[in-house]
Amino acid sequence: MCIRDSAYTTLRDKDRGLRDELKNVGKDDFITLYYLLQKYLWAVPSATPYEKEKRFPDISLFDHLKTTAAIAICLYECPKLYDEKFLQTLMGALRKWYRMKKDPRKGIGLDPKEKKALDEPLFYLLSADVSGIQDFIYSISQPEAVPGVAKRLRGRSFYLSIMTEVFARHLLRTVDFPITNMLYCGGGNFDIILPKNEGVNERIDKAIKEINDYLLKNFYGDLRLIITKHPLSCK
């Protein structure tokens, strides 16, 4: 795979631009930092392993940093990891499991405690879907022959996309987690990763109720937010 010299020039320019703008960012200004990284790193590959592994680097450095930050804060807020014995067991199990995945011939089998630690749910993956979108978008009283219908369809579609992101951000604000934990948002759906603990669980339920109360009051049941919580383990 041949990489043009201009690509390296572009990367150097992005690096200089990011460094210049970072000088004006305060140490507590997380949101500005987030959007600066998105601005400069959304098209920069997180790794370039093509020559060795023959895989095209299709994950951006911004997405890599964002996901790493989301997992890090979940680990920090996970009460199970403050149990020293459990943490040591889990770290040992992860090292063995990684060696087994890399080369099964060199791997060492996991004991029952290590298997249990690897299967222990530590996170929630929240998968949300706004139901009733199609009926809402296309329930326009005017017939197709009347001018302006296409604009109204685009307007409703845009409205729903903004509303979905507002719901995702409201949920994050309610549970007091940053925007990095919103892994995906689009098409009436969003995915959020959060730690598994009782305090977070209660606040999730509170946010879901507030959102659905708003939808019921303003859309009379035509739109509804449906969220499933998938428990995730380190495995």
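So, here is what we can say about the structure in this document. (Residues numbered from 1 in each chain as written. Predicted model: local features only at pLDDT ≥ 70, side-chain atom pairs only at ≥ 80, totals over all residues. Heavy atoms only, no water.)

## Regarding a nonpolar patch on the surface
To keep things clear, this is the line we draw: Patch construction takes residues with relative accessible area above 30% that form no salt bridge. Like charges are linked within 9 Å, and nonpolar side chains (Val, Leu, Ile, Met, Phe, Trp, Tyr) are linked within 5 Å. Note on areas: Shrake-Rupley, 1.4 Å probe, and residue coverage restricted to the protein chains presented here. By salt bridge we mean one thing: a side-chain nitrogen of Lys or Arg within 4 Å of a carboxyl oxygen of Asp or Glu. Categorising residues by exposure relies on relative accessible area from a 1.4 Å probe, with only protein chains included: less than 20% of the type maximum marks a residue as buried, more than 50% marks it as exposed, and the intermediate range marks it as partly exposed.
On the surface, Phe-30, Ile-31 and Tyr-35 cluster together into a nonpolar patch covering about 270 Å² of accessible area. Under the relative-accessibility criterion, Tyr-35 is labelled partly exposed at 34%.

## Comments concerning helix α4 (residues 61–76)
Stated formally: Numbering of helices and strands starts at the N terminus; helices are DSSP runs of H or I of at least 4 residues and strands are runs of E of at least 2. The span expected for a helix works out to 1.5 Å for each residue beyond the first. The directions from the helix axis to the C-beta atoms are what the arc is built from. Pairs of residues are marked as contacts when any of their non-hydrogen atoms sit within 4.5 Å.
Between its first and last C-alpha atoms α4 spans 22 Å; for 16 residues at 1.5 Å apiece the expected length is 22 Å, and the two agree. Buried residues of α4: Phe-62, Lys-66, Ala-70 and Cys-74, and no others. Down the axis of α4, the smallest arc covering the buried residues is 100°, so these residues share one side. Contacts from the buried residues of α4 go to α2 (30–41), β1 (121–131), β2 (182–186) and β3 (189–195).

## Things to note about the pattern of salt bridges
The tally for this structure, following the rule as stated, stands at seven salt bridges. Two residues, Arg-169 and Glu-165, come together in a salt bridge whose shortest N-O distance is 2.9 Å. On the criterion of helical spacing, the pair formed by Arg-169 and Glu-165 is a turn pair, its members being four residues apart in helix α8 (residues 149–175). Residue class for Arg-169 comes out partly exposed when judged on its relative accessible area of 30%. By relative accessible area, which is 30% here, Glu-165 ends up partly exposed. Ionic pairing is found between Asp-213 and Lys-209, a salt bridge with its closest N-O pair at 2.9 Å. In this pair, Asp-213 and Lys-209 are both assigned in helix α9 (residues 198–219), four residues apart and thus about one turn of the helix distant.

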